[in-house]
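Residue-level structural notes
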Amino acid sequence: MAEEEKFVRRVRLEKYLEDYRFTDSSRIRRKDGKAYLPAVYCHNGHNLMVRAVTFDGLPAIHVRGLVGGEGGPAEDFYLSPIINDARKEGPDLPPGTRLQLVCPICEEPLRTLVPCTCRVGAYRRALYLTPRPDDLGTVGLCEIFGCPQSFVSDDGELVFEVVAEK
Ligand SMILES: [Zn+2]
Ligand SMILES: [Zn+2]
């Protein structure tokens, strides 16, 4: 249980780019004082936004997770597009469950970005802010269920990072 409790500790939001220009067409936008992602894509350019699930009126991000890793049962998750908002819809798994995150459309595993500090061997997986990964607008999502650690970069620069305090 001690291992699981790590995931419910305090979370803080780091803002690295204070002068990020939020506009009606920026890749990260702002609504009611909160930053959110208007669109995210897999590495093959599939749009993962769905309107069937919304958070504060905003379309959710649809990702699929193979429970336990490659070959495990597939479950669908709908994540809030709001930065530092842990809300999601989908099965409630034990915190710490490893997921192989895949695109629900092409079913390819999301690309590996950087390790996550939540546990040895855990990685942040990549979603993109445009249909072209080369545009360097990236979302890093931890593959461990319940881990809140994520980040968003635009034009190759880190803009936001959600960090769990140990
Ligand atoms: Zn895809
Ligand atoms: Zn993690």
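Before reading further, recall that the structure is shown in the block above.
Residues numbered from 1 in each chain as written. Chains lettered and ligands numbered in written order. Predicted model: local features only at pLDDT ≥ 70, side-chain atom pairs only at ≥ 80, totals over all residues.

Things to note about the sheet that holds strand S12 (residues 150-154)
Strand order across the open sheet formed by 6 strands is S1-S13-S12-S11-S10-S9, with antiparallel pairing between neighbours. Both outer strands of the open sheet, strand S1 (11-15) and strand S9 (112-115), are each paired with one neighbouring strand and no more. For this sheet the average axis-to-axis angle between neighbouring strands, irrespective of direction, equals 20°. (Pairing = 2+ DSSP bridges. Helix = DSSP H or I, 4+ residues; strand = E, 2+ residues; numbered from the N terminus. Axes fitted to C-alpha atoms, helices over the stretch in contact; angles between N-to-C directions.)

Section: unusual backbone geometry
Notably, Asp32 is not glycine yet its phi reads approximately 50°, a positive angle. Tracing the backbone shows Asp32 in the loop between strand S2 (29-31) and strand S3 (34-36). Judged by the 8 C-beta atoms lying within 10 Å of it, Asp32 is exposed. Even without being glycine, Asn84 reaches a positive phi, approximately 65°. Position of Asn84 among the secondary structure elements: in the loop between strand S6 (74-79) and strand S7 (88-89). With 19 C-beta atoms packed within 10 Å, Asn84 lands in the partly exposed category. (Buried ≥ 20, exposed ≤ 12 C-beta atoms within 10 Å, placed from the backbone.)

Section: the pairing of strand S4 (residues 49-55)
Strand direction decides the pairing type here: S4 and strand S5 (residues 58-67), joined by 4 bridges, are antiparallel. Residue pairing across strands places Phe55 opposite Leu58, the latter belonging to S5. Between S4 and the antiparallel strand that follows it, S5, lie 2 residues; Asp56 among them carries a positive phi value of about 50°.

Structural notes on the pairing of strand S11 (residues 138-142)
When you tally the buried positions in S11, you get 5 out of 5 residues, the bulk of the element. Here S11 shows no split at all, with Thr138, Gly140 and Cys142 on one side and Val139 and Leu141 on the other all buried. Here strand S10 (residues 123-128) pairs with S11 via 5 bridges, running antiparallel. Residue pairing for S11: Ala126 is matched across the bridge by Gly140. As paired strands, S11 and S12 are joined by 4 bridges and run antiparallel to one another. Note on S12: the bridge partner recorded for Thr138 is Ser153.

Description of the environment of Thr117
Within the secondary structure, Thr117 sits in the loop between S9 and S10. Sequence separation of Thr117 and Lys166 is 49 residues, and the distance between their C-alpha atoms is 10.0 Å.

Section: the nonpolar core
Residues Val40, Leu48, Leu127, Val139 and Val152 are the most contacted members of the largest nonpolar core, which totals 32 residues. Within the residue set of this core, elements represented by two or more residues are S5, S6, strand S8 (99-102), S10, S11, S12 and strand S13 (157-164). Excluding residues within four positions of it along the chain, Leu127 makes contact with Val40, Tyr41, Cys42, Leu48, Leu110, Val139 and Leu141. (Core = buried A, V, L, I, M, F, W, Y, C linked by C-beta atoms within 7 Å. Contact = placed C-beta atoms within 7 Å.)

Topic: the environment of Leu13
Summarising the element assignment, Leu13 is placed in strand S1. Sequence spacing of Leu13 and Glu161 is 148 residues, and the spatial spacing of their C-alpha atoms is 5.8 Å.

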